[in-house]
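Next come the chains, spelled out residue by residue.
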Amino acid sequence: MYSAVEEAAILYASDHPDQAAALLLDFVKSYTESKEIQPWMMLFDIYQIQGKKPQFEELALEFVVKFERSAPIWSDAKVSGAKTENPKPGGAAAVEGYIALTGILQGDKDSLFQNLEQVAQKGAGLRLDFARLEGLDASGSRRLVETLQGLKKSGKKITPISVPHVTDLLKSMFGQGGEDEQAHWQLLLNLYQCQGMQAEFEDLAVEYAITFEVSPPSWEAMPQCRQPAAVVTVNAPDEQPHDENTFYMSGVISSASGPQLQELANYAASRSEVYLDMSGVPRVDFVSVGDFVGVLVRLNGSGKKLLVRNANEMIRALFGVMGVDQFAAILKRKIG
């Protein structure tokens with residue numbers, strides 16, 4: 001069985017899904033006495049990714065009879081996303097870019113703010129991580145507000161990460177008076193809006209109006225900026241980790257994935273535990289899997305706890321061949 005699983009995993013990773021499916025189908029048809037479930041699950045995933053619903057449903061009927069349990073459920077929503085192997089910026093499969101702010105944020109850092117805009121404009125928006133930020137001056141807060149407002153007008157989603165940390169930094173600078181302090185209040189109000197935190201926004205808006213003797217800012221719903229409450233797939237684990245510790249990968253992991261792997265390394269830098277969600281990854285290319293494993297090895301070597309979730313069965317089998325479980329915990333998916 002394991003030779004069939006390993007061979008099919010390598011065929012699929014080498015972009016030969018039909019050959020991988022044929023090999024797995026031959027196994028499940030030939031070894032009827034085998035109770036190993038992995039080849040079946042791999043075949044279900046290939047059919048799902050390829051959009052082969054009739055084959056999927058036929059296999060599901062056989063699965064129920066053989067294993068006397070529920071089979072995986074077909075999902076129309078997973079077909080188009082899985083087939084988009086190389087999503088183009090701005091297209092239907094575009095994802096948010098990621099930038100971690102570090103040190104002291106100052107308004108004269110032109111290259112930083114230009115990079116924020118460029119990264120956001122290339123995809124669906126920007127995940128802005130404040131975990132390693134050490135402080136902000138008034139010019140930094142003012143310019144970040146201008147950047148966030150500009151991205152909002154262009155329809156880009158802003159997902160702030162580690163907002164409690166930057167909230168503490170900003171509030172520590174309240175009480176200075178004048179326009180400098182006002183900039184910090186305005187940034188915090190913007191971040192509350194991006195998080196959809198209306199109650200916190202309105203409380204702060206009243207304090208802002210009293211402090212600076214102005215009319216209180218009005219709440220403006222910003223659905224494109226709200227952080228998702230949860231990103232859950234049908235086969236997700238029972239207990240989902242908090243989004244702040246989850247890095248979402250997307251598209252085929254290939255030789256073109258260097259920037260995404262660097263984003264992963266940057267994201268993990270300020271965290272001791274990282275969940276790597278691969279629900280948006282249909283395939284890890286066999287030629288490039290070494291680069292991906294190399295990143296995991298380096299992170300594991302620096303003391304990071306890595307947990308991979310929602311990887312499809314083809315990727316899980318490939319990870320077994322490559323020994324990825326030595327560097328990261330590969331979480332099981334629920335069936336059905």
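Anything mentioned here points back to the structure above.
Here we summarise the structure given alongside this text. Since the structure is predicted, the reported quantities are computational estimates derived from the model, not experimental observations.

**Observations concerning the environment of L189**
As for its placement among the helices and strands, L189 is situated in helix α9 (residues 178-194). Between the alpha carbons of L189 and L204 there is a distance of 7.2 Å; along the sequence they are 15 residues apart. Setting aside chain neighbours within four positions, we find L189 in contact with F201, L204, A205, Y208 and P217.

**What to know about the sheet that holds strand β7 (residues 273-280)**
Reading across the sheet, the four strands line up as β6-β7-β8-β9 and stay open at both edges, with parallel pairing between neighbours. Both outer strands of the open sheet, β6 (246-250) and β9 (329-330), are each paired with one neighbouring strand and no more. In this structure, β7 lies alongside strand β8 (residues 305-309), joined through five bridges in parallel fashion. From the neighbouring strand, D277 faces β8, where its bridge partner is R309.

**Concerning α9**
Turn by turn, an α-helix covers 3.6 residues, leaving residues three or four places apart pointing in a common direction. Taking 1.5 Å as the rise per residue, α9 with 17 residues should run 24 Å; its terminal C-alpha atoms sit 25 Å apart, in good agreement. Burial of α9 is extensive: 13 of the 17 residues sit out of reach of the surface. Just downstream of α9 lies G196, where phi reads positive at about 70 degrees.

**Side note on the packing of aromatic side chains**
Ring pairs (aromatic) are described by centroid distance and by the angle formed between their planes. For the coordinates displayed, the defined rule picks out 14 aromatic pairs. A centroid spacing of 6.0 Å and a plane angle of 65 degrees characterise the contact between W40 and F63, whose relative ring orientation is edge-to-face. Residue W40 is located in helix α3 (residues 38-50), and its partner F63 is located in helix α4 (residues 53-67); the two are separated by 23 residues in the primary sequence. Overall, the relative accessible area of 4% leaves W40 in the buried class. Residues F44 and F63 carry aromatic rings whose centres are separated by 5.6 Å and whose planes lie at 75 degrees to one another, so their mutual orientation is edge-to-face. Of the two residues, F44 sits in helix α3 while F63 sits in helix α4, which places them 19 residues apart along the sequence.

**With respect to the packing of helix α2 (residues 17-30) against α3**
Their axes nearest at 9 Å, the elements α2 and α3 cross at an angle of 145 degrees. In the packing of α2 onto α3, the handedness of the crossing is left-handed. From α2, P17, D18, A20, A21, L24, L25, F27 and V28 reach across to α3, where they touch P39, W40, M42, L43, I46, Y47 and Q50.

**Thoughts on the pattern of salt bridges**
Evaluated as defined, the whole model comprises ten salt bridges. A salt bridge links D277 to R309; its shortest N-O distance comes to 2.8 Å. Linking D277 in strand β7 with R309 in strand β8, this pair joins segments that are 32 residues apart in sequence. Of the two residues examined, D277 and R309, each falls in the buried class. Across the salt bridge formed by D285 and R283, the nearest N and O atoms sit 3.1 Å from each other. The exposure classification of D285 matches that of R283, with both residues buried. Members of the salt-bridge network, linked through shared partners, are D15, R283 and D285.

Analysis parameters
Residues numbered from 1 in each chain as written. Predicted model: local features only at pLDDT ≥ 70, side-chain atom pairs only at ≥ 80, totals over all residues. Heavy atoms only, no water. Helix = DSSP H or I, 4+ residues; strand = E, 2+ residues; numbered from the N terminus. Contact = heavy atoms within 4.5 Å. Pairing = 2+ DSSP bridges. Expected span 1.5 Å × (residues − 1). Buried < 20%, exposed > 50% of the residue type's maximum accessible area, 1.4 Å probe, protein only. Phe/Tyr/Trp six-rings, centres within 6.5 Å; stacked < 30°, edge-to-face > 60°. Axes fitted to C-alpha atoms, helices over the stretch in contact; angles between N-to-C directions. Left-handed = near helix turned anticlockwise from the far one by under 90°. Salt bridge = Lys/Arg side-chain N within 4 Å of Asp/Glu carboxyl O.

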